[in-house]
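# Overview (structure and organization)
Spelled out from the first residue to the last, the chains are:
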Amino acid sequence: MPDKLTVYNPATGEVIKSIPQQSAKEVEEAIERSHQAFKTWSKTSASERASLLKKWYELIVEHKDELGKLITAENGKPYQEAVGEVLYGAGYIEWFAEEAKRVYGRTVPAPTTGKRIVVTRQAVGPVAAITPWNFPNAMITRKAAPALAAGCTFIIKPAPDTPLSALELARLAYEAGIPKDVLQVVNGDGEEIGNVFTSSPKIRKITFTGSTPVGKILMKNSAETVKHVSMELGGHAPLIVDEDANLDLAVEQAMVSKYRNAGQTCVCANRLIVHESVKDEFAKKLSEQAAKLKVGNGLEEGVNVGPIINKKGFEKIVSQIDDAVEKGAKVLVGGSYDRNDDKGCYFVHPTVLGDVDTSMNIMHEETFGPVAPIISYTDIDEAIELANDTPFGLAAYFFTENYRRGIYISENLDYGIIGWNDGGPSAVQAPFGGMKESGVGREGGSEGIEPYLETKYMSIGL
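All of these numbers come straight from a predicted model, not from anything done at the bench. (Residues numbered from 1 in each chain as written. Predicted model: local features only at pLDDT ≥ 70, side-chain atom pairs only at ≥ 80, totals over all residues. Heavy atoms only, no water.)

## Side note on a negative patch on the surface
- A cluster of acidic residues, E58, E62, D65, E66 and E94, forms a negative patch at the surface.
- Listing elements by their share of the negative patch, those giving two or more residues are α2 (46-62) and α3 (64-75).
- Here E94 lies in helix α4 (residues 79-99).
- Exposure remark for E94: the relative accessible area of 38% places this residue in the partly exposed category. (Patch = residues over 30% accessible without salt bridge, like charges linked within 9 Å, V, L, I, M, F, W, Y side chains within 5 Å. Areas by Shrake-Rupley, 256 points an atom, 1.4 Å probe, with all protein chains shown as cover. Salt bridge = Lys/Arg side-chain N within 4 Å of Asp/Glu carboxyl O. Lys, Arg positive; Asp, Glu negative; His and termini not counted. Charge placed at Lys NZ, Arg CZ, Asp CG, Glu CD. Helix = DSSP H or I, 4+ residues; strand = E, 2+ residues; numbered from the N terminus. Buried < 20%, exposed > 50% of the residue type's maximum accessible area, 1.4 Å probe, protein only.)

## Brief notes about the sheet that holds strand β7 (residues 183-185)
- Spatial strand order, β7-β6-β5-β8-β9-β21: six strands in an open sheet with mixed pairing. Each edge of the sheet is formed by a strand with only one pairing partner; in this case those strands are β7 and β21 (439-440).
- Of the pairings in the sheet, the one linking strand β9 (residues 228-232) to β21 comprises two bridges and is antiparallel in character. Residue pairing in the sheet places M231 in a bridge with V440 of β21. (Pairing = 2+ DSSP bridges.)

## Topic: the environment of T153
- Structurally, T153 can be placed in the loop between α5 (138-150) and β6 (154-157).
- A C-alpha to C-alpha distance of 9.7 Å links T153 and P179, two positions 26 residues apart in sequence.

## Considering the pattern of salt bridges
- Under the criterion given, the structure shown has 23 salt bridges.
- Across the salt bridge formed by R102 and E98, the nearest N and O atoms sit 3.8 Å from each other.
- E98 sits in the partly exposed class, given a relative accessible area of 25%.
- Between K143 and E443 there is a salt bridge, with its nearest N and O atoms 2.7 Å apart. Of this pair, K143 sits in helix α5 while E443 is found in the loop between β21 and β22 (453-461), placing the two residues 300 residues apart along the sequence.
- Exposure remark for E443: the relative accessible area of 7% places this residue in the buried category.
- One continuous salt-bridge network, built from bridges that share partners, spans K54, E98, K101 and R102.

## Here's the deal with the pairing of strand β18 (residues 395-399)
- Where burial is concerned, most of β18 is hidden: five out of the five residues are buried.
- Side-chain alternation along β18 places A395, Y397 and F399 on one buried face and A396 and F398 on a second face that is also buried.
- In terms of strand pairing, strand β10 (residues 237-241) meets β18 through three bridges, oriented parallel. Bridge pairing links I240 to F398 in β18.
- In this sheet, strand β19 (residues 417-420) lies alongside β18 in parallel orientation, the contact comprising four bridges. Of the residues in β19, the one forming a bridge with F398 is W420.

In structure tokens form, the structure reads like this:
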């Protein structure tokens, strides 16, 4: 493994910075420091932890512009979108600063008069986090904030494409007064560091956001030491447009869901399932809006869609478009791309595909790109069956003005997050997570701190 990790701008191919990589031995040393720091951090008062988290939150908001530019440089998403991520991510820190003071226990009526039963909650222990490149800021704060609030120490292994945001978040945390051994960042080979994390008995919890195959490996390896795990894994979100939907609203929200971060989000709409009677009108309106999006460097004025993060992601998107077209799909808008292998820069223009059917790969594989395939249906149960026909169950969306129909759809979709007439349901105060192979556990809301806590029961004899 090289000593340095070089970070490139995916829009230009330019080198942003080279940073040190940690060896397995150095990661083990970081774990030991985390283990020792836990002994004191877990004993600090909830009010003290809350105060430090609030200072961290304030510093992030104060530096939102610099943090946003850093995200755009290493991730590629448009600058205003990046600043939005910073504020969204900071919101988790503010939220869990308050939740730190709400980790309540309880007393339980004892079976005899000579006993008292007390239930308390305590931090689970040192936590290791492996975070993705598509939200290099918010996916860290969404995990670190509840862990620190609960009294856990925390080690972050960020994605190799976007480690700079993690390092800057840590720097601001130290400036806020959070001890350096309480919050650490390690960079290096993902498989090697993952194995160190999962094999160490001193790491008591693994939290991961990323692909389902990697999540399964981490879960399997964590079983050796019976670690707690939180897994936010892959998605393949359906978006149903019913015959009585407000089409303008459906198009507006589909745009929000599909093309944010160039379609490189785990909750973006991957399959647009539209009633036959409104399919053509919806496709026309969506195509008109998609055609207006400007593709380019996220730091340039007016850019809505940035680059694809790397060649592997780009080639998957293009192969899905090609496969769909070969099997009869029509390109209603887009379908084109710009590639520069010498610089490592890849852009896919916002694409809408019509006449899609279930024989096409795009209906079965998560795209992670700005491609919206439209498939039609005639009966709502057919739409629900199409939507649920996947091993994933992270996010789903549907549009209808009929409340009876809406309740029926919501209760029959096998997804952890559902947007009804809403293409952007994520919120710090709401539990985020999936069903089936999309993960284990929830992040955000009052549920978000639970995975970082153990329950202790004490029976007192009088």
